[in-house]
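This is what each chain is made of:
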Amino acid sequence: MKKTIMTMIAAVLISGTAMAQDDQKRPERPRMDKKEMTQKRTDRMVKQYGLNSKQAKQLQTLNLNYADKMGPHAMGPRPAGGPRPPRHGGKGEQMVPQGNPQKGLMGEPTEEMKKRFAKHEETRKAYNAELKKIMTAEQYSKYEADEAKHRAMHPRRGGHGPKAKKE
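## Remarks on the overall build of the chain
In terms of regular secondary structure, the chain is built from 5 helices and 0 strands. Listing each helix as α and each strand as β along the chain from the N terminus yields α-α-α-α-α. Sorting the 167 residues of the chain into buried and exposed places 24% on the buried side. Partitioning the contacts of the chain with sequence separation of at least 6, the portion at a separation of at least 24 is 57%. Of the roughly 13100 Å² of accessible surface on the chain, a fraction of 56% belongs to carbon and sulfur atoms.

## What about helix α4 (residues 111-134)?
Given 3.6 residues per turn, any residue in an α-helix points the same way as the ones three and four places further on. Over its 24 residues, α4 extends 35 Å from the first C-alpha to the last, a length consistent with the 34 Å expected when each residue adds 1.5 Å. All buried positions along α4 are accounted for by Met113, Phe117, Glu121, Thr123, Arg124, Tyr127, Asn128, Leu131 and Ile134. Each element contacted by the buried residues of α4 is listed here: α2 (34-49), α3 (53-66) and α5 (137-153).

## Description of the packing of aromatic side chains
Under the counting rule described, the total for this entry stands at 3 aromatic pairs. Pairing tyrosine 49 with tyrosine 143 gives two aromatic rings, centres 5.9 Å apart and planes at 75°, and the pair type is edge-to-face. Note that tyrosine 49 is positioned in helix α2 and tyrosine 143 in helix α5, a separation of 94 residues in sequence. Judged by relative accessible area, tyrosine 143 falls into the buried class, the value being 4%. A ring pair is formed by tyrosine 140 and tyrosine 143, whose centres lie 5.7 Å apart and whose planes are at 35°; its orientation type is tilted.

## What to know about the confidence of the model for the chain
Confidence in the prediction for the chain averages 75 pLDDT; 63% of positions are at 70 or higher. Below pLDDT 50 for its whole length, residues 77-82 participates in 9 contacts with residues either more than four positions away or in separate chains. Confidence drops under a pLDDT of 50 for residues 158-167, and excluding neighbours within four residues, the segment shows 12 contacts in the predicted structure.

## Let's talk about a nonpolar patch on the surface
There is a patch of nonpolar side chains on the surface, built from Met1, Ile5, Met6, Ile9 and Leu13 and spanning about 580 Å² of accessible area. By the element assignment, isoleucine 9 lies in helix α1 (residues 2-25). You can call isoleucine 9 partly exposed: its relative accessible area is 44%.

## Concerning the nonpolar core
Grouped together as the largest cluster of nonpolar side chains are 15 residues, with contacts concentrated most on Met45, Leu59, Leu62, Tyr127, Leu131, Met135 and Tyr143. Contributing elements (two or more residues each) for this core: α2, α3, α4 and α5. Ranked by residue count, the leading element in this core is α3, at 4 residues. Excluding residues within four positions of it along the chain, methionine 45 makes contact with Gly50, Leu51, Leu59, Asn63, Tyr127, Leu131, Met135 and Tyr143.

## A look at the side chain of threonine 42
In this structure, threonine 42 sits in helix α2. Here the side chain of threonine 42 touches threonine 38 through a polar contact of 2.8 Å, landing on its backbone oxygen. For threonine 42, the contacting residues outside a window of four places in its chain are Ala56, Leu59, Gln60 and Asn63.

## Regarding the environment of lysine 54
Mapped onto the elements, lysine 54 comes out in helix α3. Put simply, lysine 54 and isoleucine 134 are 80 residues apart on the chain and 9.0 Å apart in space, counted from C-alpha to C-alpha.

Conventions we followed
- Residues numbered from 1 in each chain as written.
- Predicted model: local features only at pLDDT ≥ 70, side-chain atom pairs only at ≥ 80, totals over all residues.
- Heavy atoms only, no water.
- Helix = DSSP H or I, 4+ residues; strand = E, 2+ residues; numbered from the N terminus.
- Buried < 20%, exposed > 50% of the residue type's maximum accessible area, 1.4 Å probe, protein only.
- Contact = heavy atoms within 4.5 Å.
- Areas by Shrake-Rupley, 256 points an atom, 1.4 Å probe, with all protein chains shown as cover.
- Expected span 1.5 Å × (residues − 1).
- Phe/Tyr/Trp six-rings, centres within 6.5 Å; stacked < 30°, edge-to-face > 60°.
- pLDDT = per-residue confidence, 0-100.
- Patch = residues over 30% accessible without salt bridge, like charges linked within 9 Å, V, L, I, M, F, W, Y side chains within 5 Å.
- Salt bridge = Lys/Arg side-chain N within 4 Å of Asp/Glu carboxyl O.
- Core = buried A, V, L, I, M, F, W, Y, C linked by side-chain atoms within 4.5 Å.
- Polar contact = N/O pair within 3.5 Å; in protein donor to acceptor, adjacent residues only side chain to side chain.

Shown next as structure tokens:
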């Protein structure tokens with residue numbers, strides 16, 4: 001019995017050490033700055049929606065203007081290997097998963113969260129209004145369809161936005 005337990009403990013320790021070494025072997029990728037992130041987003045949208053060179057220049061300007069307003073996630077995923085961007089307050093503090101006296105984490109959203117979400121929605125609507133001026137009607141309708149599909153695949157939690165259906 002003792003032998004079996006000791007063998008299991010040794011196996012767990014060895015596998016944990018091996019996984020830690022795998023993480024150390026992973027090469028660190030360079031971090032992208034705001035301009036690179038917006039360029040990548042612009043290039044993706046130009047290709048995806050078939051924008052011409054004039055539209056591409058206008059879109060690049062629009063994306064640069066909204067990069068800070070829309071937060072760290074708006075211009076694409078976080079840089080690989082880099083630190084996670086600040087969540088919620090945006091003042092550099094990370095959200096700590098623990099009980100929140102104002103509810104917030106998994107309960108009802110706080111007033112502050114509701115205000116931030118409303119501000120984000122307002123900014124998103126302004127971005128989309130300017131984007132609509134740049135794109136043709138056909139390009140913009142394809143963009144809207146893609147956005148709706150994305151929102152359906154990634155429902156919001158915390159009491160705002162589309163919710164996942166409970167069965």
